[in-house]
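Below are the chains, spelled out letter by letter.
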Amino acid sequence: MDNDGPSRTALITAYARAYHQIADRPQIFTDPLAARLLGVTAEELAESGTPTTNHLGDGVSDRHRRLFFAARARFAEDAVATAIAAGVRQVVILGAGLDTFAYRNPRRDVRVFEVDHPATQAWKRERLTTAGIDRPETLTFVPVDFETQTLAEGLESTGFERTDPAAFVWLGVVFYLTPNAAHATLEYIAGQARPVEVVFDYLQPADSDEDRAHQQARADRLAGVGEPVLSYFAPDDIAAQLRALGFTDLEDHSAPDFVTRYLDGSEGLGGEPPRALRAIRILRASR
């Protein structure tokens, strides 16, 4: 990624989320701060939604991809709301990018930790100031450069409590990690005081020549902007990893099923490979 600002994929996700607010009906996910944080008008968003040769514009104009971004955000925030209702008071957003949950969080007793690369966070903080979006007292920025620092060092130096339950949201990140790095993060999350849960998305290997060609073309484009795809997981394999780490309740959805769930069956997707998964490690009953 560019060390002077956010990653390309973080921008694409943010623009897609903002364009979803004006372009898609029914709306899956509501984010009134998305466009404001980016500093774009509805007219500019509409222009960016026109198919172009620019990867940023293509990410916004691709309705299927845009709906998946909206659905995974809705799924994650619904899971967080359920966790908070059950007593969780720490929410960690890994690879937060331009996520706006912390600025829409109505609970003053819920702490939100945004973890991201220092360059992305510096750019975001400038945008928040320019847009006049207040930083709530419940938010803690956690800048982590994984080349020199671990997640544990970053989080635990900013007041995050390992002995308290937490909900982790980890969207649009796993693809760009090696399988070992992804597993190490899941292992860290599994070590949190229970109940703990994580919502994340991942790519599964394509199972047809057509899908493999599509997947390879997208991987080549991402590698071209310095964000290569490094991992794919079969659903059974990722489930086995999570169960071995002690996660007991798993909810895994393919992109087509996922989007259809929020549109009441009115629209599905093609054979897209992304999946979103919620894993919970619950308290064991005492003997």
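The model shown is predicted, which means the values in this text are computed figures rather than measured ones. (Residues numbered from 1 in each chain as written. Predicted model: local features only at pLDDT ≥ 70, side-chain atom pairs only at ≥ 80, totals over all residues. Heavy atoms only, no water.)

A word on the overall build of the chain
Secondary structure assignment for the chain yields 12 helices and seven strands. Put simply, the chain has 287 residues, and 52% of those count as buried. Long-range pairs, those at least 24 residues apart, make up 73% of the contacts in the chain between residues at least 6 apart in sequence. Split by element, the accessible area of the chain, about 13200 Å² in all, is 50% carbon and sulfur. (Helix = DSSP H or I, 4+ residues; strand = E, 2+ residues; numbered from the N terminus. Buried < 20%, exposed > 50% of the residue type's maximum accessible area, 1.4 Å probe, protein only. Contact = heavy atoms within 4.5 Å. Areas by Shrake-Rupley, 256 points an atom, 1.4 Å probe, with all protein chains shown as cover.)

Focus on the pairing of strand β5 (residues 196-203)
For β5, the tally of buried residues reaches eight of eight residues, placing the bulk of the element in the interior. A two-sided burial pattern is seen for β5, the buried positions comprising Val196, Val198, Phe200 and Tyr202 on one face and Glu197, Val199, Asp201 and Leu203 on the other. Judged from the five bridges that link them, strand β4 (residues 166-170) and β5 form a sheet pairing that is parallel. Considered in β5, the bridge of Ala166 is made with Val196. As a crossover connection, the stretch from β4 through helix α9 (residues 179-190) into β5 is right-handed. Here β5 pairs with strand β7 (residues 274-281) via eight bridges, running antiparallel. Among the inter-strand pairings, Val199 is bridged to a residue of β7, identified as Arg278. (Pairing = 2+ DSSP bridges. Right-handed = clockwise from strand over helix to strand, strands pointing away.)

Overview of the packing of aromatic side chains
Working definition: an aromatic ring pair is given by the centre-to-centre distance plus the angle between the planes. The final tally for this structure, using the stated rule, is nine aromatic pairs. For the pair Phe113 and Phe160, a centre-to-centre distance of 5.4 Å together with 85° between the ring planes defines the contact as edge-to-face. A residue pair is termed long-range when its members are at least 10 positions apart, and Phe113 in strand β2 (residues 111-116) and Phe160 in the loop between α8 (151-156) and β4 qualify at 47 residues. Of the two residues, Phe113 and Phe160, neither departs from the other in class, the shared state being buried. With a centroid separation of 6.5 Å and an interplanar angle of 75°, the aromatic rings of Tyr202 and Phe233 are classed as edge-to-face. Here Tyr202 is found in strand β5, whereas its partner Phe233 is found in the loop between α10 (209-224) and α11 (235-244), with 31 residues between them in sequence. With relative accessibility at 6%, the residue Phe233 sits in the buried group. Through pairs of rings, three or more aromatic residues link up here, namely Phe68, Phe75, Phe258 and Tyr262. (Phe/Tyr/Trp six-rings, centres within 6.5 Å; stacked < 30°, edge-to-face > 60°.)

Here's the deal with the sheet that holds β4
With respect to topology, seven strands assemble into an open sheet ordered β3-β2-β1-β4-β5-β7-β6, the strand pairing being mixed. Both outer strands of the open sheet, β3 (139-143) and β6 (249-254), are each paired with one neighbouring strand and no more. Neighbour to neighbour, the strand axes of the sheet diverge by 15° on average, direction disregarded. As defined by bridge partners, β6 adjoins β7 across six bridges and the pair is classed as antiparallel. Across the sheet, Asp252 pairs through a bridge with Leu277, a residue of β7. Each of β5, β6 and β7 is contacted by α11, which is oriented at about 160° to β6, the strand it contacts most. (Axes fitted to C-alpha atoms, helices over the stretch in contact; angles between N-to-C directions.)

Overview of the packing of helix α5 (residues 63-85) against helix α12 (residues 255-262)
At their nearest, the axes of α5 and α12 sit 9 Å apart, and the two run at 70° to each other. Here α12 runs roughly perpendicular to α5, going by the angle between their axes. From α5, Leu67, Phe68, Ala71, Arg72, Arg74, Phe75 and Asp78 reach across to α12, where they touch Ala255, Phe258, Val259, Arg261 and Tyr262. Split into classes, the residues belonging to the contact of α5 with α12 amount to eight nonpolar, no polar and four charged. (Parallel < 35°, antiparallel > 145°, perpendicular 65-115°, else oblique. Nonpolar A, V, L, I, M, F, W, Y, C, P; charged D, E, K, R; others polar.)

Focus: the pattern of salt bridges
Here the structure, examined in full by the defined rule, presents 14 salt bridges. We note a salt bridge from Arg17 to Asp31, for which the minimum N-O separation is 3.1 Å. Linking Arg17 in helix α1 (residues 8-23) with Asp31 in the loop between α1 and α2 (34-38), this pair joins segments that are 14 residues apart in sequence. Just as Arg17 is buried, Asp31 falls in that class too. The salt bridge involving Asp201 is made with Arg72; its shortest N-O contact spans 2.5 Å. Of the two residues, Asp201 is situated in strand β5 and Arg72 in helix α5; the sequence distance between them amounts to 129 residues. By relative accessible area, Asp201 is classed as buried at 0%. Judged by relative accessible area, which is 5%, Arg72 ranks as buried. Residues participating in the shared-partner salt-bridge network are Arg17, Asp31, Glu77 and Arg104. (Salt bridge = Lys/Arg side-chain N within 4 Å of Asp/Glu carboxyl O.)

By themselves, these are just geometric observations and shouldn't be taken as functional.
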